[in-house]
Amino acid sequence: MFVATTAASTTVIANSTHPLHSRTSYAIHHLCSSHRSSSCSQLKLSSIVSSYIPSSSLPSLKAMAEAETLSTPPKVGAQSAGNKQALISLSDKKDLAFLGNGLQVLGYTIVSTGGTASALENAGVAVTKVEQVTCFPEMLDGRVKTLHPSIHGGILARRDQEHHMEALTNHGIGTFDVVVVNLYPFYDKVSSDGVIEFEDGIENIDIGGPAMIRAAAKNHKDVLVVVDSQDYPALIEFLKGNQEDQQFRRKLAWKAFQHVASYDSAVSEWLWKQTVGDKFPPSLTVPLSLKSSLRYGENPHQKAAFYVDKSLSEVNAGGIATSIQHHGKEMSYNNYLDADAAWNCVSEFKNPTCVIVKHTNPCGVASRNDILEAYRLAVRADPVSAFGGIVAFNIEIDEALAKEIREFRSPTDGETRMFYEIVIAPKYSKKGLEILRGKSKTLRILEASKNEKGKLSLRQVGSGWLAQDSDDLTPEDIQFNVVSEKSPLEGELHDAEFAWLCVKHVKSNAIVIAKNNCMLGMGSGQPNRLESLRIALKKAGDEVKGAALVSDAFFPFAWKDAVEEACESGIGVIAEPGGSIRDGDAIDCCNKYGVSLLFTNVRHFRH
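Computed from a predicted structure; not experimentally measured.

Cut-offs and rules
Residues numbered from 1 in each chain as written. Predicted model: local features only at pLDDT ≥ 70, side-chain atom pairs only at ≥ 80, totals over all residues. Heavy atoms only, no water. Helix = DSSP H or I, 4+ residues; strand = E, 2+ residues; numbered from the N terminus. Buried < 20%, exposed > 50% of the residue type's maximum accessible area, 1.4 Å probe, protein only. Contact = heavy atoms within 4.5 Å. Areas by Shrake-Rupley, 256 points an atom, 1.4 Å probe, with all protein chains shown as cover. Salt bridge = Lys/Arg side-chain N within 4 Å of Asp/Glu carboxyl O. Axes fitted to C-alpha atoms, helices over the stretch in contact; angles between N-to-C directions. Parallel < 35°, antiparallel > 145°, perpendicular 65-115°, else oblique. Left-handed = near helix turned anticlockwise from the far one by under 90°. Patch = residues over 30% accessible without salt bridge, like charges linked within 9 Å, V, L, I, M, F, W, Y side chains within 5 Å. Pairing = 2+ DSSP bridges. Core = buried A, V, L, I, M, F, W, Y, C linked by side-chain atoms within 4.5 Å. Polar contact = N/O pair within 3.5 Å; in protein donor to acceptor, adjacent residues only side chain to side chain. Phe/Tyr/Trp six-rings, centres within 6.5 Å; stacked < 30°, edge-to-face > 60°.

A. Here's a closer look at the overall build of the protein chain. The helix and strand inventory of the protein chain stands at 22 helices and 23 strands. Looking at the protein chain as a whole, 47% of its 607 residues qualify as buried. Once local pairs closer than 6 in sequence are excluded, the contacts in the protein chain between residues at least 24 apart make up 62%. As presented, the protein chain carries roughly 30,100 Å² of accessible surface, and 50% of it is formed by carbon and sulfur atoms.

B. Fine view of the pattern of salt bridges. Across all of its chains, the model carries 25 salt bridges by this definition. A salt bridge links Arg158 to Asp160; its shortest N-O distance comes to 3.4 Å. On the basis of relative accessibility, which here comes to 37%, the residue Arg158 falls in the partly exposed class. Glu421 serves as the salt-bridge partner of Arg444, at 2.7 Å between the closest nitrogen and oxygen. Of this pair, Arg444 sits in strand β15 (residues 444-447) while Glu421 sits in strand β14 (residues 420-425), and the two are 23 residues apart along the sequence. Given a relative accessible area of 3%, Arg444 falls into the buried group. A relative accessible area of 26% means that Glu421 is categorised as partly exposed. One network of salt bridges, in which partners are shared, links Arg406, Glu407, Arg409 and Arg417.

C. Spotlight on the packing of helix α11 (residues 208-218) against helix α13 (residues 246-274). Relative to each other, α11 and α13 sit at 150°, their axes nearing to 9 Å. Here α11 is positioned roughly antiparallel relative to α13, judged by the angle of their axes. Judged by the sense of rotation from one axis to the other, the crossing of α11 with α13 is left-handed. Here Pro210, Ile213, Arg214, Ala217 and Lys218 of α11 lie close against α13, whose contacting residues are Ala253, Ala256, Phe257, His259 and Val260.

D. View of the environment of Arg606. Mapped onto the elements of the fold, Arg606 is located in the segment after β23 (596-599). Those residues within four positions of Arg606 in sequence are excluded, and the remaining contacts are Lys504, His505, Val506, Lys507, Ser508 and Asp552.

E. Region of interest: a nonpolar patch on the surface. Side chains of Leu284, Val286, Leu288, Leu290, Tyr307, Leu458 and Trp465 sit close together on the surface and give an oily, nonpolar patch of about 680 Å² of accessible area. Considering the arrangement of structural elements, one finds Val286 in the loop between α13 and β8 (288-294). Judged by relative accessible area, Val286 falls into the partly exposed class, the value being 31%.

F. Up close: the sheet that holds strand β4 (residues 108-112). Read from one edge to the other, the open sheet built from 5 strands follows the order β5-β4-β3-β6-β7, with strand pairing classed as parallel. Strands with a single pairing partner mark the edges of an open sheet, and in this sheet they are β5 (128-129) and β7 (224-226). In this structure, strand β3 (residues 84-89) lies alongside β4, joined through 5 bridges in parallel fashion. If you follow Gln85 over to β4, its bridge partner there is Thr109. On top of the sheet, α11 reaches β3, β6 (178-181) and β7; it is set at about 145° to β6, its chief contact.

G. Focus on the pairing of strand β9 (residues 304-309). Burial along β9 is one-sided: the residues Ala304, Phe306 and Val308 are buried and none of Ala305, Tyr307 and Asp309 is. Both β8 and β9 contribute to a ladder of 6 bridges, which runs antiparallel. Following the sheet pairing, Ser293 is matched in β9 by Ala305.

H. Focus on helix α7 (residues 149-156). For α7, the complete set of buried residues consists of Ser150, Ile151, His152, Gly154 and Ile155. The secondary structure elements touched by the buried residues of α7 are β3, α6 (130-134), α8 (162-170), β6 and α11.

I. Representation of the nonpolar core in the model. If you look at the biggest cluster of nonpolar residues, it comprises 55 residues, and the most contacted ones within it are Tyr375, Ile397, Ile513 and Ile574. In terms of residue count, helix α15 (residues 371-381) provides more of this core than any other element does, 7 residues in total. Leaving out residues up to four positions away in the same chain, Ile574 has contacts with Leu549, Phe555, Val563, Ala566, Cys567, Cys590, Val595, Ser596, Leu597 and Leu598. The next biggest cluster of nonpolar side chains, apart from the first, holds 43 residues, and it includes Phe306, Ile320, Ile390 and Ile422.

J. How the structure looks around the environment of His327. When you line up the elements, His327 lands in strand β10 (residues 324-327). A C-alpha to C-alpha distance of 5.4 Å links His327 and Arg444, two positions 117 residues apart in sequence. Residues within four places of His327 in sequence aside, it is in contact with Arg437, Ser440, Lys441, Leu443, Arg444 and Ile445. From its side chain, His327 meets the backbone oxygen of Arg437 in a polar contact 3.4 Å long.

K. A look at the packing of aromatic side chains. This structure, assessed with the given rule, holds 11 aromatic pairs. Centroid distance Phe349 to Phe498: 5.3 Å. Interplanar angle 45°. Geometry classified as tilted. A residue pair is termed long-range when its members are at least 10 positions apart, and Phe349 in the loop between α14 (333-346) and β11 (353-358) and Phe498 in helix α19 (residues 490-503) qualify at 149 residues. Overall, the relative accessible area of 5% leaves Phe498 in the buried class. Pairing Tyr375 with Phe393 gives two aromatic rings, centres 6.0 Å apart and planes at 45°, and the pair type is tilted. A residue pair is termed long-range when its members are at least 10 positions apart, and Tyr375 in helix α15 and Phe393 in strand β13 (residues 389-393) qualify at 18 residues. The burial state of Tyr375 is the same as that of Phe393; both residues are buried. Linked through ring pairs, Phe186, Phe198, Tyr263 and Trp270 together constitute an aromatic cluster.

Next up, the structure:
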């Protein structure tokens, strides 16, 4: 004989020695015990028996079970027709009181989990706790709270499917009309400055939250899902109007799936680093967040937007995307490209430096202890190109420098004030910022932090992406090997190192001529290296005598070509990667003209 006991009654189920009866007895005893003293609803023993006994077996036992029920109060989640339920489970409880009160005024019964329920109660909002709905306590240190049919059945049931609604009725499950969930702060935890243990990272991976969000988003036709506190006002207004706008529902559902996708990409990125750690995983997801819509792209007929990379590797890693704009017109597509080029270049230098960029190419670069002099020299390198360009500094812009930027006249006529699209610096003094704001209403003033080394560089091609290490090498990382009979003087070697830092930021084919920590001329983007050389020589003018020339790649020809023309112009030292089958010609040519030739074994193509 097996006896099922509840707090209110004792029911004799069967009397048999059949082993199936024994297994059934144990199962029913276990289930009844788990619901003893709970507020769960009228769980029929027939349902329990049906779960454990084949329908063809023990018909008499099933009949007896159907005649009896466990005497328990009605289940909280089994709401009557017309009752509206909202499920709220939040890690970030921003504006929770507004949401809870708004839903309560509209007649919603609010079901919530632990900390969220407490916060709602403290705000004076009536709450039904999840365990009152599931009739099951939170377990496994919080890992299991909402993973239960009474929750997911109420979210996923299609209201237009009769058999779905019948199933809910049969099992005493109520529907949820609104689901508001955000997730454990995994991203913040693993990207914080402090070291996080692997197990702590694992415990901050949300499971129940994404499951509820995905379920609600899938069934968005019947369930409104919200993952962003900024959508609370729109949600309340939508519910007040009793609207049936499927586009609104679809937009919330899209946002929900995007939220979970970004969350999972952070978990995936972190776990990959904890295992293999290779920079190029077999599958890669890059989470992007819209920062701003742009007026247009490279050209007015192209629509455009700017996104911030939310990868864990980009947290506190610097760069233009996270810069602060203190003043001026909104940034354009081309502004971002040019600002990025200027900032990346100026950040290479240790000494106080000014870089001026036009169409992503540095047209003026100078380093001096006196930053005012560095600025003037950078402008004079190519004042025509500098006009309307982007000027960047690697030190604070103080009052004196701001005045110089505001008042400096173009060297072409000595009268026209220099005009710039953007000024970039790591910081500004209060007075310096005030002065620059007075230069022009449209001048964009950016404050940026230096890019960290070791970033993954991504670039789009048709239907794919190219990924590579960022080009982080500095002169200290390489050898300038003398291959000519003449060795460079110390000053010439320093000039070559300076030009080498500049040329890596010039579009190929690239030639840079520099002297005394100042770029005198550069040739960029030409299909052949000889033309780039001629452009650089023309810009350098008479100052080319004794200067350093650096090429981003080897010279394919020497005699009656780039190397010989450079030597004839009076260049003092040439630095190039080497590697051509005609390197011997380049060496012989430099020896003939008494020019030092250095091989770096490092190419700096930039496409």
